[in-house]
Amino acid sequence: MPYAENAAIEQWLAQTPPEDVLEPDLPIVDPHHHLWDLRDTSAPWAQKVYLCDEMSEEIRASGHNVVQTVFAQCNAFYRADGPEEMRCVGETEFVHGVVAMSRSGRYGPARLCTGIFSGADLRPGKAVEPVLQAHLDASPNFRGIRTAFPSDLNAEFMDGYAMLGKHGLSFDHYSPDCERLPILAKLAEAHPEVPIIVNHLGGKIDPDASPAEVSRWQECIDAIASSPNVVIKCGGAQQRVGLDWQPPFHMDRRAEGPLSSEELCDLLYPFYRYAIEAFGPDRCMFESNFPVDKESVSYRTLWNLMKRIASKMGLGEAEKTALFSGTAARVYRLDMTGSMG
């Protein structure tokens, strides 16, 4: 049943220009989406409720062949009691319930949350190990964490970070400030055994950025792309950043409705192309970042955008497979048996 709290975003998206689904049979792993219920919070996102029903319907209505998804940390359903450092495990417990719901097949053929990355504070050093173990115990689909890292990469944090390697876990990173990427490269070099996944093209993506700003973003992308244990998620370019900045095609700035995938490709192609060429397709994965990016684009239009980018770059079938499913499956260790059609 639709939630009244979601009405504004759904009404705006209803103005989306109609598009046929491009390459409808191409298997997709969506490696970055959230699930949440924000009705009693001050969070700025327009999509207040996004749970198993909403994500499953998003996939069905899009017409794209999304076969699996990865849940992305968003502080959802933390425990309300118990030790403070353990409360983040509630997120993995919640998501594993969605895993079971999806696996029943009652919500469609797509398998939701076959990979999960959640939260944990690494600053206490080795003391984080019981928290990581609790996540692992909460779901066999748990793959790693997303959390901030200190600029000085101090010894306590590094001891905590080493626990990821010990348990075979990955580290997702996002900051709208691309200047964090050269520091992240030092972290990657110090612990090559830990896969690092850079989220959302490495920082705020502004199609109106100055040449100097674009050049600096490119330098930071090059700095992190030199680390072989790092991959990048190509997406998130449609999201607001904080409370004060939205891209020019965001719902808060376009009362007339969303842009088409062709129009978005014209605006954003240079950013996607640069990142994909810097890392190589086998170290890149397209992502939805839903429902955050939903404030600018529908799920159908977004995946059409990704397919237009791949086509415009002239990518071959193996390169497209990497971008749309292969890299995500490898990095998040997904079982793709029966998922590729």
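Described in the following lines is the structure provided in the data block. (Residues numbered from 1 in each chain as written. Predicted model: local features only at pLDDT ≥ 70, side-chain atom pairs only at ≥ 80, totals over all residues. Heavy atoms only, no water.)

This part takes up the nonpolar core. Core analysis: the biggest nonpolar cluster contains 93 residues, and Phe171, Tyr272 and Phe286 have the highest contact counts within it. It is helix α8 (residues 261-279) that contributes the most residues to this core, nine residues altogether. When sequence neighbours within four positions are dropped, the list of residues in contact with tyrosine 272 reads Leu201, Cys234, Gly235, Gly236, Ala237, Gln238, Phe286, Leu305, Met306 and Ile309. Val231, Met285, Ala328 and Leu334 belong to the second largest nonpolar core, which has 14 residues in total. (Core = buried A, V, L, I, M, F, W, Y, C linked by side-chain atoms within 4.5 Å. Buried < 20%, exposed > 50% of the residue type's maximum accessible area, 1.4 Å probe, protein only. Helix = DSSP H or I, 4+ residues; strand = E, 2+ residues; numbered from the N terminus. Contact = heavy atoms within 4.5 Å.)

Moving on, we get to the sheet that holds strand β8 (residues 196-198). Read across the open sheet, the eight strands follow the order β1-β4-β5-β6-β7-β8-β9-β10; overall the sheet is parallel. Sheet topology places β1 (27-33) and β10 (284-286) at the edges, where each strand pairs with a single neighbour. Pairs of neighbouring strands in the sheet enclose a mean axial angle of 30 degrees, with direction left out of account. Note that strand β5 (residues 111-118) and strand β6 (residues 142-146) share three bridges and pair parallel. If you follow serine 118 over to β6, its bridge partner there is isoleucine 145. This element, helix α3 (residues 89-103), spans β4 (65-72), β5 and β6 of the sheet and lies at about 170 degrees to β5. (Pairing = 2+ DSSP bridges. Axes fitted to C-alpha atoms, helices over the stretch in contact; angles between N-to-C directions.)

Moving on, we get to the side chain of glutamine 47. As for its placement among the helices and strands, glutamine 47 is situated in the loop between β2 (36-37) and β3 (49-50). Apart from residues no more than four positions distant in its own chain, glutamine 47 is found in contact with Asn6, Ile9, Glu10, Trp36, Leu38, Glu54, Pro291 and Lys294.

Taken as a whole, the largest pocket spans an internal volume of roughly 550 Å³. Sorting the residues of the lining of the largest pocket by element identifies α1 (7-13), α2 (52-62) and α9 (299-312) as the ones contributing at least two each. When grouped by side-chain class, the residues that make up the lining of the largest pocket number eleven nonpolar, six polar and eight charged. (1 Å grid on protein atoms, 1.4 Å probe; cavity = no way out; pocket = protein on both sides within 12 Å on 5 of 7 lines; lining within 4 Å. Points joined across faces, edges and corners; volume = space filled by probe spheres on them. Nonpolar A, V, L, I, M, F, W, Y, C, P; charged D, E, K, R; others polar.)

All right, on to the pairing of strand β7 (residues 170-173) then. Burial of the side chains of β7 extends over both faces: Ser170 and Asp172 are buried on one face and Phe171 and His173 on the other. Sheet analysis places β6 next to β7, joined by three bridges and oriented parallel. Bridge pairing links isoleucine 145 to phenylalanine 171 in β7. In terms of handedness, the path from β6 via helix α5 (residues 155-166) over to β7 forms a crossover that is right-handed. (Right-handed = clockwise from strand over helix to strand, strands pointing away.)

Here arginine 216 lies in helix α7 (residues 211-225). Here arginine 216 falls in the partly exposed class, since its relative accessible area comes to 31%. Aside from chain neighbours lying at most four places away, what touches arginine 216 is Cys178, Glu179 and Pro182. Side-chain polar atoms of arginine 216 contact the side chain of glutamate 219, separated by 2.8 Å. (Polar contact = N/O pair within 3.5 Å; in protein donor to acceptor, adjacent residues only side chain to side chain.)

Let us now look at α9. Over its 14 residues, α9 extends 20 Å from the first C-alpha to the last, a length consistent with the 20 Å expected when each residue adds 1.5 Å. Counted residue by residue, α9 has ten buried out of 14 residues, so it is predominantly covered. By the burial criterion, the buried members of α9 are Tyr299, Thr301, Leu302, Trp303, Asn304, Leu305, Met306, Lys307, Ile309 and Ala310. Two residues or fewer after α9 comes glycine 314, characterised by a positive phi angle close to 70 degrees. (Expected span 1.5 Å × (residues − 1).)

So, about the pairing of β4. Counting buried positions over the eight residues of β4 gives seven, a clear majority of the element. Across four bridges, the pairing between β4 and β5 is parallel. If you follow phenylalanine 71 over to β5, its bridge partner there is isoleucine 116.

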